[in-house]
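# Notes for the structure review
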Amino acid sequence: MIRRVLPHGLGRGLLTRRPGTRRGGFSLDWDGKVSEIKKKIKSILPGTPCDVLPDTSHLPPEHSDVVIVGGGVLGLSVAYWLKQLENRRGGMQVLVVERDHTYSQASTGLSVGGICQQFSLPENIQLSLFSASFLRNINEYLAVTNAPPLDLQFNPSGYLLLASEKDAAAMESNVKVQKQEGAKVCLMSPDQLRNKFPWINTEGVALASYGMENEGWFDPWCLLHGLRQKLMSMGVFFCQGEVTRFVTSSQRMMTTDDEMVTLKSIHEVHVKMDHSLEYQPVECAIVINAAGAWSAQIAALAGIGKGPPGTLQGTKLPVEPRKRYVYVWHCPQGPGLETPLVADTSGAYFRREGLGSNYLGGRSPAEEEEPDPANLEVDHDFFQEKVWPHLALRVPAFETLKVQTAWAGYYDYNTFDQNGVVGPHPLVVNMYFATGFSGHGLQQAPGVGRAVAEMILEGSFQTIDLSPFLFNRFYLGEKTQENNIM
Amino acid sequence: MAAPWVSLRLVAPMWNGTRGIHRLGGAVVPEGNQKKERKMLQFLNKHFYDVEALRGYLLQREMSKVHLKNRSFTWLEEQHGPYSAGAFFILKQGGAVKFRDKEWIRPDKYGHFSPEFWNFREVPVEAVDASDCEINYEGLDNLLLLKELQSLSLQRCPHVDDWCLSRLYPLADSLQELSLAGCPRVSERGLACLHHLQNLRRLDISDLPAVSNPGLTQILVEEMLPNCQVVGVDWAEGLKLGPEEQPQDTASPVPA
C-alpha cells in the first residue's frame, strides 16, 4: 500500500485515499467529508463548539454605578448633570432604563411645552428661571461636535394669568414673591388688559399677571432629543426594558432616640426585556426614580410604603397618573400673533400654535370628574361642556371654532401637595426621587436634574435649595402647597 | 414638530483661516473644496478622540470670546452716566452711536473711536447702528441702559435671536425704528414679542432666513402693530400662482 501512495507525491494529506480516486487532485467529495466529520464531533460533544457568542447587545451592562429608572426629560436631565458635574471624566457609569423607546405614553412628549415663572413658591420660581437660562443657552450646554445646533422653537410670548375678585389678593402677593426672585412679571388691571389685548373679554377679571421675559412655550421633543444625543456622546448607557425587581439588603440601626430602624439599600436592579422573560440583573450603587406617572410602582418595588400606616415605613409615595386632555382647534378670527398663553379664572387655558390661526388648550378637571387614567383615550364631550364655554366667554372670537385634533397625556400628580418629590428616601438610602411634578416637570427638569446630581455628588443641594421637596414631608405632614396649578 | 436643521456659524465673517474647524456641522451650501474639507473633518472627528477634543476646545474658545465681548459695562453707569456706558459698549462691539444733536460716532477700521462721548453725561443716545455686531442676550443688559433710544439697527447680528427680542420691551416708550434685516436666528416667534413696542413706526424684517413663512408673517406683524410700517417682505411671496398664470398642464388639477 505504501508503494502505491508514494508515487503520488507528498501533497496528498495524511488521510487514506479512497478507492477510485487515483487520478489526482482532492476528491470531489472533500467538503462532504469535512462536514461529516464536523457532524460527528457535534454529536459527541454537548453544545456546538464553533457557534458565535450569544447576542447581548439589547441587554444592559451587568454593573452600573447609577441606574436611572425612566428615560423622560427628568431622567435624562439627572443623567446629564451627573456626567457634567462628576469630578473625573468617565468617573460615573450611568444607565438609563426606559420601558418604551417610542415614548408613546411619556408625559414629556405629550406635554404642551410651557415654561413660566408665575408660581407662589420661591423654589419653583428659581427652578423655572434656571431652566429658562438652560434653554436659552442650550447650544452651549448640549453641544455635540458634528451635530447641528438645536432649535427649540421657543415662543417668548409669556403667560397671562387672570384672577377673579377672590383670587386677586393671592395673585398680588404671588407677584411680589416672583419679582423678589427675579422673574419679570407685571400686574395689569382690566383696563390695561383691554388696551393691550382687545380680543379679551374682561368680565369677572379683577387682576391679571403677565410674564414679560423667560416665559413661553417650546418643543419638548427637541429638548429630549438634544439631551439623548449629548448623553450618548458623554458615554451614558441606554437600555429598553422594564424594572421588575430590586434586590435589597437591610441593616438594623439605632437612632439617636434609641429606636431601632431598618435601613435598606438596593444593590441589584432586575431589568426585564420587552416581550420575553429574559432579564438582566444590574449591580448598582444608586437608583434614581424618574418614572413619572408610574413612580409609585417603582417605589413599591423597593418596599416604600410597606409597613403600618402612619409610620415612616408605611408612607407611600403619593404620586399617581392623572389624565389631562389637550385640544387643538382652528379659529380664523382668533387672537393675533402676540397672544400669550392665557390661563382663565376658571382654569381653562389656551395658546397659539404656529402661524395658521390654530390654538391649543384645555382645562384641568375638578376632583370629582377626574377621568380614568387606564388609557389615553380622549373625551371630546369634555371640551364641549367644560372647556369651550369658558373659552368662548373669555375670548368672544372663540365662539366659532373647529376642533382639529386632540390628545391626552398623564400628569405625575402628587396627591399630597402637587409639588415635586426630590432627594433621597430616608429609609431606602440609595433611592433618589425626581418625580411628582404634577404638570410642571418639563419646565423644571434642568433645575431638578442639577439638584439631584448635586445631592448625589456633594451630599446637599448647592445651587437651588430644594429641601421643602424632600420625601420626609409626607410622613411629617408638612405640605409645600403650590397655589398656581394649571 | 421636528425643527429644520440650520447651521449657524459662530465665527465672525472676517476670519479667513481654517474656517472648517469652527463650524458646528450642518447644511450651509458648501461648494467643491469646502465640501471635501468638511467630509474629511467629519470623518476624522468620528474616528479620533483627539480631533473631537480639539474641535470641542476651539468651539468653547469661540463661545468664550463672544461672552467676553458681551460682558457687563453697567459699572460705568455711576461714573459716566447710563448713556455713555451704553455707547461705550456699542462702540467696543464695532457699532455706531448718535447722541441727540450730535454727529454719528463710528469706530474706524482699527476699532478706535473718539473719546468725546465720555463728556456727554446728560445727552441721551438717539440712534444705535449695531449691524454685524456680536451682541447676544447678556450684552443687551448694556444696550438697555439707553432708555431714550429712538432708532435701533440690529442688521445681520449673528447672535440676536428670539430670546433677545423678548428683552426689548423696556424701550417701548421711545423706540420708533427697528431693523432686524438679515439676522439668521430671528424667527416669527421672536417677532411676536415686538407687540410691546407700540411707538414703533418703522420695522424692517427683510431677509430673515429662520422665518418659515415670510409673507404670512408680514401680514400678522402688520396686524399686530397697526401704527407701524413693516418693511421688507413682499406679501405676495410664497403665494401660489392663480389659475390664469398656471402653466397649462391638463394632467394635474388646478389648485384652488
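Quick caveat: nothing in here was measured; it's all calculated off a predicted structure.

## Some details on the overall build of chain A
A tally of helices and strands in chain A yields 12 helices and 18 strands. In summary, chain A has a C-alpha radius of gyration of 30 Å against a globular reference of 23 Å for 486 residues, an excess of more than 25%. Its C-alpha atoms put chain A at 120 × 70 × 40 Å along the principal axes. Within chain A, the proportion of its 486 residues that are buried is 51%. Relative to all contacts within chain A whose residues are 6 or more apart in sequence, the contacts with residues 24 or more apart total 73%. Per element, the accessible surface of chain A, about 22800 Å² overall, is 52% carbon and sulfur. Mean positive and mean negative side-chain charge positions of chain A (43 and 51 charges, respectively) differ by 16 Å.

## What to know about the UniProt feature "domain: FAD dependent oxidoreductase" (unreviewed entry) in chain A
The positions that UniProt labels "domain: FAD dependent oxidoreductase" (unreviewed entry) are, in the present scheme, residues 65-455 of chain A. Along residues 65-455 of chain A one finds 28% helix and 30% strand; the C-alpha atoms at either end are 15 Å apart.

## Observations concerning the side chain of Asp-161 of chain B
All names here are of chain B. Here Asp-161 is to be found in the loop between strand E4 (151-153) and helix H7 (162-165). Buried charge without a salt bridge: Asp-161, with Arg-185 as the nearest opposite-charge side chain at an N-O distance of 4.6 Å. Once residues within four sequence positions are removed from consideration, Asp-161 is found in contact with Arg-185 and Val-186.

## Some words on the pairing of strand E6 (residues 207-211) of chain A
Residue and element names in this part refer to chain A. A large share of E6 lies buried, amounting to 5 of its 5 residues. Here strand E5 (residues 185-188) pairs with E6 via 4 bridges, running antiparallel. Each bridged residue has a counterpart across the sheet, and for Leu-187 the counterpart in E6 is Ser-209.

## Considerations on the interface of chain A and chain B
A common way to report how large an interface is uses the accessible area buried once the components associate. Taken together, the contact between chain A and chain B spans 31 residues of the former and 37 residues of the latter. Summing both sides of the interface, chain A and chain B together bury roughly 3400 Å²; the carbon and sulfur share of this comes to 62%. Linking chain A to chain B there are 2 salt bridges. Here Arg-189 of chain B makes a salt bridge to Asp-151 of chain A, at a shortest N to O gap of 3.9 Å. Seen at the junction of chain A and chain B, the total is 11 residue pairs in polar contact (both at pLDDT 80 or more). Of all the secondary-structure elements, those providing two or more residues to the side of chain A that touches chain B are helix H4 (122-136) and helix H5 (138-141) of chain A. If you tally residues by element for the side of chain A that touches chain B, the top one is H4 of chain A, at 3 residues. When grouped by side-chain class, the residues that make up the side of chain A that touches chain B number 14 nonpolar, 8 polar and 9 charged.

## A closer look at the sheet that holds E5 of chain A
Residue and element names in this part refer to chain A. Strand order in the open sheet formed by 8 strands is E5-E6-E4-E13-E14-E15-E12-E16, with mixed pairing between adjacent strands. Edge strands, defined here as strands with exactly one partner in the open sheet, are E5 and strand E16 (402-414). Mean inter-strand twist for the sheet, computed between neighbouring axes without regard to direction, equals 20 degrees. Inspection of the sheet shows strand E4 (residues 159-163) paired to strand E13 (residues 341-343) by 3 bridges, in the parallel sense. Bridge pairing links Leu-160 to Val-342 in E13.

## With respect to the nonpolar core
Among the nonpolar cores identified, the biggest contains 113 residues, and Leu-223 and Ile-288 of chain A together with Val-128, Leu-178, Leu-191 and Leu-194 of chain B are the most heavily contacted of them. Beyond its immediate chain neighbours, meaning those up to four positions away, Leu-178 of chain B contacts Leu-152, Leu-168, Leu-194, Leu-197, Leu-200, Arg-202, Leu-203 and Asp-204 of chain B.

## A word on the environment of Val-319 of chain A
Residues and elements named next belong to chain A. Residue placement: Val-319 occurs in strand E12 (residues 319-330). In this structure, the C-alpha to C-alpha distance between Val-319 and Leu-427, residues 108 residues apart in sequence, is 18 Å. Each residue touching Val-319, except ones within four places of it in the same chain, is listed here: Gly-292, Ser-295, Ala-296, Asp-412, Tyr-413, Asn-414, Val-421, Thr-435 and Gly-436.

## Points about the domain arrangement of chain A
All names here are of chain A. Assigned domains within chain A: domain 1 (53-154 + 215-317 + 414-485), domain 2 (158-210) and domain 3 (323-408). At the interface, 15 residues of domain 1 touch 12 residues of domain 2. Carbon and sulfur atoms make up 55% of the area that domain 1 and domain 2 hide from each other, which totals about 1100 Å². The largest per-residue losses of area from domain 1 upon contact with domain 2 belong to Gln-118, Ile-125 and Glu-215, which jointly make up 41% of the total buried on that side. The interface formed by domain 1 and domain 2 contains 0 salt bridges. Where domain 1 meets domain 2, there are 6 residue pairs in polar contact (both at pLDDT 80 or more). Secondary structure elements with two or more residues in the side of domain 1 that touches domain 2: strand E3 (114-115), H4 and strand E7 (216-217). Among the elements that take part in the side of domain 1 that touches domain 2, H4 stands out by supplying 4 residues, more than any other. Split by residue class, the side of domain 1 that touches domain 2 holds 7 nonpolar, 7 polar and 1 charged.

## Let's talk about the side chain of Asp-129 of chain B
All names here are of chain B. The residue Asp-129 is located in strand E3 (residues 125-129) in this model. Within the structure, the side chain of Asp-129 is placed 3.4 Å from the side chain of Arg-106, a separation counted as a polar contact. If sequence neighbours within four positions are ignored, Asp-129 has contacts with Gly-95, Ala-96, Trp-104, Arg-106 and Ser-153.

## Some points on the environment of Met-232 of chain A
All names here are of chain A. Looking at where Met-232 falls in the secondary structure, it is placed in helix H8 (residues 220-234). A relative accessible area of 51% means that Met-232 is categorised as exposed. For the pair Met-232 and Val-144, spaced 88 residues apart in sequence, the C-alpha separation works out to 9.7 Å.

## A look at H8 of chain A
For an α-helix, the turn length of 3.6 residues means that residues three or four places apart are oriented alike. All names here are of chain A. Taking 1.5 Å per residue as the helical rise, H8 with its 15 residues ought to reach 21 Å, and the 21 Å between its terminal C-alpha atoms agrees with that figure. When H8 is considered as a whole, its buried residues turn out to be Pro-220, Cys-222, Leu-223, Leu-224, Gly-226, Leu-227, Arg-228, Lys-230 and Leu-231. Considering only its buried residues, H8 is in contact with helix H3 (73-85), H4, H5, strand E8 (237-240) and helix H11 (441-458). Capping of H8 at its N-terminal end is provided by Asp-219; its side-chain oxygen lies 3.2 Å from the backbone amide nitrogen of Trp-221. Just downstream of H8 lies Gly-235, where phi reads positive at about 90 degrees.

## Description of the sheet that holds E4 of chain B
Residue and element names in this part refer to chain B. Sheet architecture is open: 7 strands sit in the order E2-E1-E3-E4-E5-E6-E7, paired in mixed fashion. One side of each edge strand has no neighbouring strand; the edge strands of this open sheet are strand E2 (104-105) and strand E7 (229-231). Sheet topology places strand E6 (residues 202-204) next to E7; 3 bridges connect them, and they run parallel. Bridging across to E7, Asp-204 finds its partner in Val-231. Helix H5 (residues 82-93) contacts strand E1 (96-99), E2 and E3 of the sheet and is inclined by roughly 155 degrees relative to E1.

Conventions and cut-offs
Counting restarts for each chain: residues are numbered from 1 in the order of the written sequence. Each chain gets a letter, beginning with A, and each ligand a number, beginning with 1, in the order they are written. In keeping with the model being predicted, local features are shown solely for residues with a pLDDT of at least 70 and side-chain atom pairs are shown and tallied solely at 80 or more, while totals for entire chains, interfaces and linings include all residues. The basis for every side-chain value is the complete set of non-hydrogen atoms in the structure, without hydrogens or water. What counts as a helix is a DSSP run of H or I of at least four residues, what counts as a strand is a run of E of at least two, and both are numbered from the N terminus. Atoms counted for the radius of gyration: C-alpha only. Globule rule: 2.2 Å times residue count to the power 0.38. Partly exposed describes any residue whose relative accessible area lies between the buried limit of under 20% and the exposed limit of over 50%, with all areas from a 1.4 Å probe on protein chains only and scaled to the type maximum. The contact definition used throughout considers only heavy atoms, calling two residues in contact when any of these lie within 4.5 Å. Here the Shrake-Rupley method, with its probe set to 1.4 Å, supplies the accessible areas, and only the displayed protein chains count as covering residues. Asp and Glu are treated as the negative residues and Lys and Arg as the positive ones, with His and the ends of the chain left uncounted. To locate a charge, take NZ of a lysine, CZ of an arginine, CG of an aspartate or CD of a glutamate. UniProt positions are given in the numbering used here, feature names are shortened, and annotations may be inferred rather than shown by experiment. Counted as salt bridges are all cases of a side-chain nitrogen of Lys or Arg within 4 Å of a carboxyl oxygen of Asp or Glu. The pairing criterion for strands is at least two bridges between them, as found by DSSP. Here's the idea: put two parts together, see how much 1.4 Å probe accessible area each one loses, and the total over both is what we call buried area. Polar contact is the term for a pair of N or O atoms within 3.5 Å; when the atoms are in protein, one must be able to donate a hydrogen and the other to accept it, and sequence-neighboring residues count only if both atoms are side-chain atoms. Residue type decides the class: Asp, Glu, Lys and Arg count as charged, Ala, Val, Leu, Ile, Met, Phe, Trp, Tyr, Cys and Pro as nonpolar, and the leftover types, Gly among them, as polar. Axis lines are fitted through C-alpha atoms, for helices just across the contact stretch, and the angle between N-to-C directions can take any value from 0 to 180 degrees. Residues enter a nonpolar core if they are buried and are Ala, Val, Leu, Ile, Met, Phe, Trp, Tyr or Cys, with the set joined through side-chain atoms within 4.5 Å. Segment limits for the domains were obtained from an automatic or database-derived domain assignment. To estimate how far a helix should reach, multiply one less than its number of residues by 1.5 Å.

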